[in-house]
Amino acid sequence: MVFSCWSAKGGSGTTVVAVALSVLFGRESASGSVLVDLEGDAPIVCGVPQPDGPGISDWLAASPSVGAAAITRLEHPVASGVHLVPRGRRSLSGEDRVTVCAQHLRNDERPVVVDIGCVTGDNDPDDLVRRRFIEAATTSLLVTRPCFISLRRALSLPIRPAGVVLVEDPGRALGRSDIEDVLGVPVVATVAVDAAVARAVDSGLLASRLPSTLGRALRDVA
Ligand SMILES: Nc1ncnc2c1ncn2[C@@H]1O[C@H](COP(=O)(O)OP(=O)(O)OP(=O)(O)O)[C@@H](O)[C@H]1O
Ligand SMILES: [Mg+2]
């Protein structure tokens, strides 16, 4: 089971949702969960140092002789039950290797969450890798604020999510049904913008002390 979390506009809350889902899955599954970080912010949010060694960007850039089993060796424990595959230091490339990686992740008995980051629709190697991961996931979740710019960008992309996680700041003109009408997919969770979540992120405590509002909001997805 591979969940991809992505956005069409920066700062939507994608990393927060991806880390929270990996924590919820990690609690439920006896062998924990895997969090694959294509963006590079997961260690900060989990309150651990950026791992020094190679990451998924290095595996993607490696020759075909470096098999999928090596992906498991990239993991670092970052919170109870959560195993992080860090981004590494390279820019993303190696679109052709994503299928092999995704197959490996789908075969893992542990639930996997991929923090895809922001998708632009450009045909550069970085964006193609992100889109390939979205296409290869079991479930693809667009994380968005109720923001017209974000929705317009999502609509212009050549991919569609299976569902939307709405990060709802109060006082917006757009609501859940507008988003479902525009994108044609269901809102599967609504996450409130909550100062407790922002504080947990800023102090690196999101994974170790997941705010209860966030856990409840995402429970149905996990
Ligand atoms: N539910 C929430 N309540 C309060 N603050 C939030 C919430 N979700 C995210 N934030 C805050 O919004 C900011 C952006 O969140 P996050 O880094 O998860 O977004 P992102 O979509 O991953 O951004 P990027 O495009 O840079 O990867 C952070 O400061 C985070 O603390
Ligand atoms: Mg992010």
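Relevant structure appears above.
What this report covers is the structure whose coordinates are included nearby. (Residues numbered from 1 in each chain as written. Chains lettered and ligands numbered in written order. Predicted model: local features only at pLDDT ≥ 70, side-chain atom pairs only at ≥ 80, totals over all residues.)

The secondary structure content of the protein chain amounts to ten helices and eight strands. Across its three principal axes, the protein chain shows a C-alpha extent of roughly 50 × 40 × 25 Å. Split into buried and exposed, the 222 residues of the protein chain put 45% on the buried side. Taking as baseline every contact in the protein chain between residues at least 6 positions apart, the subset at least 24 positions apart corresponds to 73%. (Helix = DSSP H or I, 4+ residues; strand = E, 2+ residues; numbered from the N terminus. Buried ≥ 20, exposed ≤ 12 C-beta atoms within 10 Å, placed from the backbone. Contact = placed C-beta atoms within 7 Å.)

A separate point is the sheet that holds strand 8 (residues 187-192). Spatial ordering of the open sheet is given by 3-4-2-5-1-6-7-8, a layout of eight strands whose pairing is mixed. Both edges of this open sheet fall to strand 3 (76-79) and strand 8, since each of them pairs with a single strand only. Direction aside, the axes of adjacent strands within the sheet are offset by 25° on average. Against the sheet, helix 1 (residues 14-28) contacts strand 1 (2-7), strand 2 (33-37), strand 3, strand 4 (82-85), strand 5 (112-118), strand 6 (139-144), strand 7 (163-168) and strand 8, and its axis sits at roughly 180° relative to strand 5. (Pairing = 2+ DSSP bridges. Axes fitted to C-alpha atoms, helices over the stretch in contact; angles between N-to-C directions.)

Now for the site of ligand 1. In the vicinity of ligand 1, 19 residues are found, and the nearest of them are G10, G13, T14, T15 and V201. Elements supplying a minimum of two residues to the shell around ligand 1: helix 1, strand 5 and helix 9 (195-202). For the shell around ligand 1, the class distribution of residues is eight nonpolar, eight polar and three charged. (Near = placed C-beta within 6 Å. Nonpolar A, V, L, I, M, F, W, Y, C, P; charged D, E, K, R; others polar.)

All right, on to the nonpolar core then. The biggest cluster of nonpolar side chains holds 65 residues, and the ones touching the most others in it are C5, V17, V19, A20, L21, V114 and L218. Of the residues forming this core, the biggest block, nine residues, is contributed by helix 1. Residues within four places of L21 in sequence aside, it is in contact with F3, C5, V113, L218, V221 and A222. (Core = buried A, V, L, I, M, F, W, Y, C linked by C-beta atoms within 7 Å.)

We now examine the environment of L206. Within the element layout of this structure, L206 appears in the loop between helix 9 and helix 10 (212-218). Sequence separation of L206 and C46 is 160 residues, and the distance between their C-alpha atoms is 6.0 Å. Beyond its immediate chain neighbours, meaning those up to four positions away, L206 contacts V16, V19, A20, V45, C46, A200 and V201.

Attention now moves to the packing of helix 7 (residues 148-156) against helix 8 (residues 176-183). Put simply, helix 7 and helix 8 touch, their axes get as near as 10 Å, and they point 20° apart. On the basis of their axis angle, the class for helix 7 and helix 8 is roughly parallel. Note that helix 7 runs across helix 8; the crossing there is right-handed. Residues L151, A154 and L155 of helix 7 pack against I179, V182 and L183 of helix 8. Counted by class, the contact of helix 7 with helix 8 contains six nonpolar, no polar and no charged residues. (Parallel < 35°, antiparallel > 145°, perpendicular 65-115°, else oblique. Left-handed = near helix turned anticlockwise from the far one by under 90°.)

What follows covers the packing of helix 5 (residues 98-107) against helix 6 (residues 125-136). Taken N-terminus to C-terminus, the directions of helix 5 and helix 6 make an angle of 35°; their axes are 10 Å apart at the nearest point. With respect to the hand of their crossing, helix 5 and helix 6 are arranged in right-handed fashion. Contacts between helix 5 and helix 6 involve V98, T99 and A102 from the first element and V129, R132, F133 and A136 from the second. Each residue belonging to the contact of helix 5 with helix 6 can be placed in one class, and the counts come to five nonpolar, one polar and one charged.

We now examine the environment of V113. Structurally, the position occupied by V113 is in strand 5. When the 32 C-beta atoms within 10 Å are taken as the criterion, V113 is described as buried. Counting along the chain gives 24 residues from V113 to A137, while the straight-line C-alpha distance between them is 9.1 Å. Discounting chain neighbours no more than four positions away, the residues touching V113 are F3, C5, A18, L21, S22, F25, S33 and L35.

Another aspect to go through is the pairing of strand 4. Side chains V82 and L84 project from strand 4 onto one buried face, and the interleaved H83 and V85 project onto a second face that is buried too. Bridge analysis of strand 2 against strand 4 gives four bridges, and the strand direction is parallel. Note that in strand 4 the partner of V36 across the bridge is V85. Pairing of strand 3 with strand 4 involves three bridges; the strand directions are antiparallel. Among the inter-strand pairings, A79 is bridged to a residue of strand 4, identified as V82. Linkage of strand 3 to strand 4, two consecutive antiparallel strands, is achieved through a turn of two residues, within which G81 is found at a positive phi near 80°.

All quantities given are derived from atomic positions and should not be read as evidence of function.
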